[in-house]
Amino acid sequence: MKVFLKQSGRGWIHLCVETSNVCTIIHTSVTFDPYERLYIWLGQIRDSQLPVSMIIDEEGYGVELIVEPDKNDTVFFHIEPWFSSTDRITCGKEIINRRELIRAFHNGIVDFINNDFISSNWASIDYLSYQNWDALLRDDLKPQNWEKRLLIAGFEIFKSENYPDVNTENIPEKYQLTADQKSILTLKYAIERIAIANKNYSQEIKDFTSLYHKLPEDIILNEVDIDWYQEHRAKLNTRYDKSWEIVIKKSDRYLNLHKSRLESLKIGQVVDGTIVGIRDYGVFVDFGGCRGLLHISEISQSEIEHPNRIFAERDWVRAIIIDLDIDRRRVTLSTSILELESGDMLKEPWKVYEKAEEMAARYHQNVLSKIVEVD
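Residues numbered from 1 in each chain as written. Predicted model: local features only at pLDDT ≥ 70, side-chain atom pairs only at ≥ 80, totals over all residues. Heavy atoms only, no water.

Caption draft 1: Up close: the pairing of strand β5 (residues 63–69). In the sheet, strand β4 (residues 52–56) pairs with β5 via 5 bridges, with the strands oriented antiparallel. Residue pairing for β5: Ser-53 is matched across the bridge by Ile-66. The sheet contact formed by β5 and strand β6 (residues 74–81) spans 7 bridges and is antiparallel. In the strand pairing of β6, Glu-64 is matched with Glu-80. Linking β5 back to β6 in an antiparallel pair, the connection comprises 4 residues, with Asn-72 at a positive phi of about 55°. (Pairing = 2+ DSSP bridges. Helix = DSSP H or I, 4+ residues; strand = E, 2+ residues; numbered from the N terminus.)

Structure (C-alpha cells):
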C-alpha cells in the first residue's frame, strides 16, 4: 500500500491512496482541511480503537476511510463513497498490518511536507506541517486519549458553545474538560480566529502561529513533546534569522525609494489619491505610495463639521500639495485652494477636481508673485 499527496496551483491537495487493486485520488480543500482529523484517525488505529472512520472532502464528492478489526495485528481497510450519486462501489479493499497502514500515511504526508508542500496556498493555520506525525510511529508513547483529542479538535462538545443545536448529552463524563482546561482551550481558539481574520500575515508570523496553536491542546492532554517543539522552533529561528538581512535590505530599499519619491514632488503639484484613513482632524490620502494629510481646515473654504461628511474610505480625491517636509516624510494637502467658490467641496467636489489643474496654476502664480514682491 502507498499514500502520496499532490498540490495544485489553486489550493487543492490531492490525497492518493494506492492499494493492491486500485488507486483512489481524493480531493481535499482548504474549506474542509482534513489533516487534524486525519492525525486523530491514525492515532485511533494505532491504539486499536476500532472500528474507526473519517470523511475526507466534505463538499459532497468525498470518500470515507474505514478501518475495521481483522485478526491478530491486521486490519480491514476500505474506502467507501460518501454522498456521491455517481459512485456507490467500494473502491479500495485491503487486509493490512495496522502499523504498515499508519506508516504508509505517515510516509506519504512527511515526504509531501518535506519536498512539495507550499503552505501559503493552503489554510490560515498550517495543520499539515505542524502536526507531530512522527509520534504515530513511536512505541514508547502510552495510548493517547483520542476521544478527548477529537472533542478538543472542535467536532463535538466545544463547537456546541457556538452551535447550541449540537447534542452533547451522550459525551462520556471522563472525556469532559475541567473549567481550567476549558480556559486553556480558549487560547487555541483565539489563535485560530486571529489567524483566520488576518489572512495577510507574513509567512514568518504564520509559521510561528501554526507551531504553537496546538500547544494548549497538548498541555490539556498532558502530551507536550518538548523535544519536538524545540526542534521546530530551532528550524524556524534558523530560517528567519537568515532572512533578517534580506528584510533589512528590502526595508532600506523601500525607504530610499520613498525618499526619492518625496523629492520628486513639488509644492503646487496636483496629485490623485485614495482616502485611506479618516480622523476628526482630517483625512489621510495615499498617492503613488506616499501619504499626505488633508487637514479639516484645508478641505473647504466653508466650515465643515467632520471629514466624513464629504469623504469615505477608498474614495478618489484630487488635491494640491501645499507643504513638504522630506526629512520628516510629511506631505500636506489642500482641496480648499482648488475651490472656485467657497463650499464647492461640500456640494460638487467633481467640479473642483475638473478645474484642479487650472486652480493649481493660479495658486502657483500667486505664490510666485508674492516671492517677487518680497524680493
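Having seen the structure, we can now continue with the description.
Caption draft 2: The sheet that holds strand β1 (residues 2–7), seen in detail. Ordered by their spatial adjacency, 3 strands build an open sheet running β1-β2-β3, and the pairing between neighbours is antiparallel. Because the sheet does not close on itself, it has two edges, and the strands there are β1 and β3 (23–28). Between one strand axis and the next, the sheet turns through 20° on average, direction left out of account. Sheet topology places β1 next to strand β2 (residues 13–18); 6 bridges connect them, and they run antiparallel. Residue pairing for β2: Val-3 is matched across the bridge by Val-17. Lying on the sheet, helix α2 (residues 98–115) is in contact with β1 and β2; it crosses β1 at an angle near 25°. (Axes fitted to C-alpha atoms, helices over the stretch in contact; angles between N-to-C directions. Contact = heavy atoms within 4.5 Å.)

Caption draft 3: Structural view of the nonpolar core. Core analysis: the largest hydrophobic core is formed by 39 residues, its most contacted members being Leu-38, Trp-41, Leu-65, Phe-77, Phe-105, Leu-128 and Trp-133. Those elements that provide at least two residues to this core are β1, β2, α1 (35–46), β4, β5, β6, α2 and α3 (146–155). The greatest single-element share of this core, amounting to 8 residues, is contributed by α2. (Core = buried A, V, L, I, M, F, W, Y, C linked by side-chain atoms within 4.5 Å. Buried < 20%, exposed > 50% of the residue type's maximum accessible area, 1.4 Å probe, protein only.)

Caption draft 4: Local environment of the side chain of Asn-132. Tracing the sequence through the fold places Asn-132 in the loop between α2 and α3. Aside from chain neighbours lying at most four places away, what touches Asn-132 is Tyr-39, Asp-225 and Trp-228.

It is worth stressing that arrangement in space is one thing and function is another; only the former is reported here.
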